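Listed below, chain by chain, are the residues.
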Amino acid sequence: MGLRLASLTNAGARLVPVPTTRTRKAVRGFDGAELLADVCAKASGAQVHRLLEQISGDAQRGRGRRERLAARGRFVCRDSDLQGREFVLVDDVTTTGSTLQDCATALRTANGLVDEAIVVAIAEGH
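Note on numbering: residues in each chain are counted from 1, in written sequence order. The model is predicted, so local features are restricted to residues of pLDDT at least 70 and side-chain atom pairs to those at 80 or more, both for listing and for counting; the totals for chains, interfaces and linings are taken over all residues. Heavy atoms from the whole structure form the basis of all side-chain values; hydrogens and water molecules are not counted.

Draft legend 1. A look at helix 5 (residues 98–109). Between the first and last C-alpha of helix 5 there are 16 Å, a value that for twelve residues agrees with the 16 Å anticipated at 1.5 Å per step. Restricting attention to buried positions, one finds in helix 5 the residues Ser98, Thr99, Leu100, Asp102, Cys103, Ala104, Ala106 and Leu107. Put simply, DSSP marks the helices as runs of H or I at least four residues long and the strands as runs of E at least two long, and each gets a number from the N terminus on. Directly beyond the C-terminal end of helix 5, a positive phi value near 70° is found at Asn111. Working rule for helices: expected span equals 1.5 Å times residues minus one. Partly exposed residues are those whose accessible area sits between 20% and 50% of the maximum for their type, while under 20% is buried and over 50% is exposed, using a 1.4 Å probe and protein chains only.

Draft legend 2. Focus on unusual backbone geometry. Of note, Gln83 is a non-glycine position whose phi angle comes to about 55°, a positive value. By the element assignment, Gln83 lies in the loop between strand 4 (75–77) and strand 5 (86–94). Phi angles above zero are rare outside glycine, and Asn111 is one such case at about 70°. Within the fold, Asn111 resides in the loop between helix 5 and strand 6 (113–122). In this structure Asn111 comes out as partly exposed when scored by relative accessible area, which is 42%.

Draft legend 3. Region of the structure containing a nonpolar patch on the surface. Patches draw on residues past 30% relative accessible area with no salt bridge. Two like charges within 9 Å are joined, as are two nonpolar side chains (Val, Leu, Ile, Met, Phe, Trp, Tyr) within 5 Å. Note that accessible areas follow from Shrake-Rupley with a 1.4 Å probe, and for residues the cover is restricted to the protein chains shown. Here, a salt bridge means any side-chain nitrogen of Lys or Arg that lies within 4 Å of a carboxyl oxygen of Asp or Glu. Taken together, the side chains of Leu3, Phe30, Leu35 and Val39 make up a nonpolar region of the molecular surface, amounting to roughly 360 Å² of accessible area. By the element assignment, Leu35 lies in helix 3 (residues 32–44). Note on Leu35: relative accessible area 45%, which makes it partly exposed.

Draft legend 4. Seen up close, the pattern of salt bridges. Evaluation of the coordinates by the stated rule reveals six salt bridges. Between Arg50 and Asp38 there is a salt bridge, with the nearest N and O atoms lying 2.8 Å from each other. With a gap of twelve residues between them, Arg50 in the loop between strand 2 (47–48) and strand 3 (52–54) and Asp38 in helix 3 connect regions that are remote in the sequence. Taking relative accessible area as the criterion, Asp38 reaches 34% and is therefore assigned partly exposed. Here Arg78 ties to Glu53 by a salt bridge, and the two come within 3.8 Å at their closest N and O atoms. Here Arg78 is found in the loop between strand 4 and strand 5, whereas its partner Glu53 is found in strand 3, with 25 residues between them in sequence. When its relative accessible area of 36% is taken as the criterion, Glu53 is described as partly exposed.

Here is the structure:
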């Protein structure tokens, strides 16, 4: 999938993977968004920036739509001043877009610009 995403990605783009929970990473043995971003960047000439840190361990998995949309402030940017640079969020799956919005807010708070996200799958019904 990372190779397919590369065809949608400009060389020089700054990709920011959406971090998964520690528990999910331990179960899978990898972080899906990081893996996608790494493969995509290698094939497209983009750059991966691991700027986001999850400060709340709450996973969205198992939550209803209302609870997902209400979850805010779960991420912070590791860099305090991104100097107006543009970034593209990368995630393996989205349901309501709440996590993407939360990550974009963290980057914007650090003076970053986020107008795009690349997502492999959209889960419905939540």
